[in-house]
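A structural walkthrough
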Amino acid sequence: MATDTHYEVFVKKNRKAAWTLHEAQNDRETAIRLAHKIFAQNKIGSVRVTKEVYDEEARTFRSVPICELGDEKFAEGEDKNGAATLPCLTPDDLSKPHARDTIRRVLTAWFERLQALPMELLHRPDLVEQLEASGTDLQHAVQKVAIASAKDGDANVHGYVKQLNELIQQALTRIYQDARAQRLPEYPDSKPFKDIVSEIHAGDQRAYLLRSAMAARLKSAKRYSNKLDALMDMGETLGEDSPERDFALTEIDNYAAEVISFDAGMAALLGSCRDLGETLQRLACLFDGDQGADAINYAPSVCKRLTARIGKGEMDACRAVVAQSLLTELQRPKRLRPSSLSGELQLARELAQKLVMSPDSLLPTDALIKAFAARSARLLHPETIEELLKGAADPNEELERLLALEENLVGETNKQKLAGYAHGMLGAQNTLSWYLRGPNKPLERLASLTVHQRRVLKGQYPSREKAELASAIDELGMKIIDESKILNAVEAGDRPALDKATGLLRLATAGALPAGQCSSDAQARAIRHLKSAGGMSEAQTEDGRAKLKLIQTMLVKMTPRADAA
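In this text, all values refer to a predicted model and were calculated from it rather than measured experimentally.

Digging into the overall build of the protein chain
Counting its secondary structure elements, the protein chain contains 29 helices and 4 strands. Its C-alpha atoms give the protein chain a radius of gyration of 35 Å, clearly above 24 Å, the size a compact globule of 565 residues would have. Along the three orthogonal principal directions, the C-alpha set of the protein chain runs to about 115 × 65 × 40 Å. Taken over 565 residues, the protein chain has a buried fraction of 49%. Considering only residue pairs separated by 6 or more positions, the protein chain has 66% of its internal contacts joining residues 24 or more positions apart. For the protein chain, the accessible surface area stands at approximately 27,800 Å², while carbon and sulfur atoms represent 50% of it. In the protein chain, 77 positive and 81 negative side-chain charges are present, and the distance between their average locations comes to 5 Å.

Let's talk about helix α17 (residues 341–356)
Between the first and last C-alpha of α17 there are 22 Å, a value that for 16 residues agrees with the 22 Å anticipated at 1.5 Å per step. Listing the buried residues of α17 in full gives Leu341, Gly343, Glu344, Leu345, Leu347, Ala348, Leu351, Ala352, Leu355 and Val356. Turning to α17, the residues buried within the fold contact α13 (276–288), α16 (316–330), α18 (365–379) and α19 (382–389).

Considerations on unusual backbone geometry
The phi dihedral of Met315 falls on the positive side, at around 60°, and the residue is not glycine. Here Met315 is to be found in the loop between α15 (301–311) and α16. For Met315, a relative accessible area of 3% puts it in the buried group. Despite not being glycine, Lys485 shows a phi value in the positive range, around 55°. For Lys485, the position within the fold is in the loop between α24 (463–484) and α25 (486–491). The class for Lys485 is partly exposed, based on a relative accessible area of 46%.

Observations regarding the environment of Cys285
Take Cys285: it is sitting in helix α13. Residue classification places Cys285 among the buried residues on the basis of a relative accessible area of 6%. In this structure, the C-alpha to C-alpha distance between Cys285 and Trp434, residues 149 residues apart in sequence, is 47 Å. Residue contacts for Cys285: discarding those within four places in its chain leaves Asp290, Ala293, Ala295, Ile296, Thr307 and Lys354.

A closer look at the packing of aromatic side chains
Throughout the structure, instances matching the rule amount to 4 aromatic pairs. For the ring pair Trp110 and Phe111, a centre distance of 5.3 Å and an interplane angle of 70° mean the geometry is edge-to-face. Ring centres 5.7 Å apart and planes at 55° place the aromatic pair Phe111 and Phe262 in the tilted group. Taken as a pair, Phe111 in helix α3 (residues 108–114) and Phe262 in the loop between α11 (243–261) and α12 (263–270) lie far apart in primary sequence, 151 residues in all. Accessibility classification places Phe111 together with Phe262 in one group, the buried group. In this structure an aromatic cluster arises from ring pairing among Trp110, Phe111, Tyr224 and Phe262. The ring centre of Tyr208 lies 4.0 Å from the NZ or CZ of Arg174, which sits over that ring.

With respect to the pattern of salt bridges
Applying the stated rule across the entire model yields 38 salt bridges. Lys547 is the salt-bridge partner of Asp543, the closest N and O atoms lying 3.7 Å from each other. Here Asp543 pairs with Lys547, and both are found in helix α29 (residues 542–564), just 4 residues apart, close to one helical turn. Here Lys547 falls in the buried class, since its relative accessible area comes to 17%.

A few points about the nonpolar core
Residues Leu107, Phe111, Leu121, Phe193, Leu231, Ile252 and Leu269 are the most contacted members of the largest nonpolar core, which totals 99 residues. Examining the composition of this core, we find that 10 residues originate from one element, helix α7 (residues 157–180), more than from any other. Counting 50 residues, the second-largest nonpolar core is a separate cluster that includes Leu403, Leu418, Ile486 and Leu505.

Regarding the packing of α24 against helix α27 (residues 517–531)
Packed helices, taken two at a time, are described by the angle between their axes plus the distance between the axes. Between α24 and α27, the shortest axis-to-axis distance is 8 Å and the interhelical angle comes to 45°. Between α24 and α27, the angle is such that the two are oblique. Contacts between α24 and α27 involve Asp474, Glu475, Gly477, Met478 and Ile481 from the former and Gln517, Cys518 and Asp521 from the latter. Taken together, the residues of the contact of α24 with α27 sort by class into 3 nonpolar, 2 polar and 3 charged.

Some details on the packing of helix α9 (residues 206–218) against α11
Between α9 and α11, the shortest axis-to-axis distance is 11 Å and the interhelical angle comes to 55°. When the interaxial angle is binned, α9 and α11 end up oblique. At the point where α9 passes α11, the crossing takes the right-handed sense. On α11, the residues touching Arg206, Ala207, Leu210, Arg211, Met214, Ala215 and Leu218 of α9 are Phe247, Ala248, Glu251, Ile252, Asn254 and Tyr255. Here the contact of α9 with α11 is composed, by residue class, of 9 nonpolar, 1 polar and 3 charged.

A few points about the side chain of Arg48
Inspection of the secondary structure assignment puts Arg48 in strand β3 (residues 46–55). Residue class for Arg48 comes out buried when judged on its relative accessible area of 9%. Separated by 3.3 Å, the side chains of Arg48 and Glu68 make a polar contact.

A closer look at the environment of Lys162
Secondary-structure assignment places Lys162 in helix α7. The spatial distance from the C-alpha of Lys162 to the C-alpha of Ala148 is 14 Å, given a sequence separation of 14 residues.

Some details on helix α1 (residues 28–41)
An α-helical segment advances 3.6 residues per turn. Residues three or four places apart therefore align on the same side. Given a rise of 1.5 Å per residue, 14 residues ought to cover 20 Å, and the 21 Å separating the end C-alpha atoms of α1 matches this to within 8%. Taken together, the buried positions of α1 are Ala31, Ile32, Leu34, Ala35, Ile38 and Phe39. Looking straight down α1, one finds its buried side chains confined to an arc of 160°; they lie on one side. Away from the buried face of α1 by more than 90 degrees, exposed residues Arg33, Lys37, Ala40 and Gln41 are located.

The rules behind each value
Residues numbered from 1 in each chain as written. Predicted model: local features only at pLDDT ≥ 70, side-chain atom pairs only at ≥ 80, totals over all residues. Heavy atoms only, no water. Helix = DSSP H or I, 4+ residues; strand = E, 2+ residues; numbered from the N terminus. Rg over C-alpha atoms; globule rule 2.2 N^0.38 Å. Buried < 20%, exposed > 50% of the residue type's maximum accessible area, 1.4 Å probe, protein only. Contact = heavy atoms within 4.5 Å. Areas by Shrake-Rupley, 256 points an atom, 1.4 Å probe, with all protein chains shown as cover. Lys, Arg positive; Asp, Glu negative; His and termini not counted. Charge placed at Lys NZ, Arg CZ, Asp CG, Glu CD. Expected span 1.5 Å × (residues − 1). Phe/Tyr/Trp six-rings, centres within 6.5 Å; stacked < 30°, edge-to-face > 60°. Lys NZ or Arg CZ within 6 Å of the ring centre and 35° of its normal. Salt bridge = Lys/Arg side-chain N within 4 Å of Asp/Glu carboxyl O. Core = buried A, V, L, I, M, F, W, Y, C linked by side-chain atoms within 4.5 Å. Axes fitted to C-alpha atoms, helices over the stretch in contact; angles between N-to-C directions. Parallel < 35°, antiparallel > 145°, perpendicular 65-115°, else oblique. Nonpolar A, V, L, I, M, F, W, Y, C, P; charged D, E, K, R; others polar. Left-handed = near helix turned anticlockwise from the far one by under 90°. Polar contact = N/O pair within 3.5 Å; in protein donor to acceptor, adjacent residues only side chain to side chain. Arc of directions from axis to C-beta.

That is the geometry; function is a separate question.
So, in structure tokens, the structure goes:
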């Protein structure tokens, strides 16, 4: 007899994508409205709503399609006739890390509502009763796992539903029977945790009984923050190195890792953070076990306690969760420092140096680079560039700010895009006007361009973009030279030819002229004076020979600049 009905919305984003369960609803009309809304946002996809009726006698769902939108038709794989085979075969298998993680993911809302943990559920009869009495939470969880399993398995969804229900019944029966037979150990507050550990370690079924004892103790800890404090307290009662201590710390680590695997649990650990940047700072310090950092000093006491344990080389499971959370948070679209772009750039650089430069198997370098590259791409959005340049005194300062951004970017594509911004700025009319007829002297404007060019040449731009950008700066410098006739002024007058050559080369070697055409022009003019009749004659004198030696030194110095340009 049917005892429960709900409606499931399935989505297929495009022809090549797989069908996925988007959401389950208790109301028919709500589910259909949701399907139409999804389809309106993605016309190339397909959406289907099914009525799911739970048959108590068969202990499985019966699906009836009630709405289909799009070209693709849903298929549940009814032609699959193989036997359903799950990774978990016994109730003990449900306590393994992969199984607990699956339980956490499919029952996240229920766990966070009760501030409970998968490990507690597997060892506390009262939580099992609440889950069974919750309505459709358990049935929806079974359905989600069955659909995912059937996608890659040889059996259909109903086959996996049946096997899952059988496994769950075995686990529930075990918990109820152990509770009735009083085989689950109590955890009185008056008894030190280390004494309970010693008693359990001396007997059989060690892990199961210790987890049960810890679940009983955590029953009075109503919030995730309370559970974390209780777990840290348990760890502090243990003695020095011993098999019992290692045995207990492993389970404490497992429990604490489950707490912080939930968003609500991680929030309880990290406390209130003013922005995403502070969240990442605390996570990075946690991962490194850095107790002295300011980010940890302002964190809740339980965060400090866990950081200290990680710093001692303990709590590996928690550290793995922190690593995953770091990668997840890094990829969020939020700004690190919404109130300060300069603060954002500084923090991003510090985090990149801290994480990327200290490789760890839990934080693969390629994953970190990918995350920082995605974050760098957001710094190149037009509105962010506009904020970066806001308040600059003139185009020279704008160019300076823009080129300084390169040091804060990760990824060749991002540096290529920044080069495009800079190239466009160099060609803008207001930039050209300022450099050609700006308030400063021509040599000062040329010197500013030289500084910018050197920054470009030292940067990590793709080779083609680097060469083009350096060349664009050089071309702008040549326009200044042509407009101001500054080199003509150096050559004017009746000074000796070698003095004119020295003056021209000094401009090129002292950082007053960009490398490339500008320096080459100065060099060509200097050589012309050097080879002139006056220059050749002057070089024969004692004073001229000293000048000639200086000129030769400067010509040698110019060779690397020409190669760089």
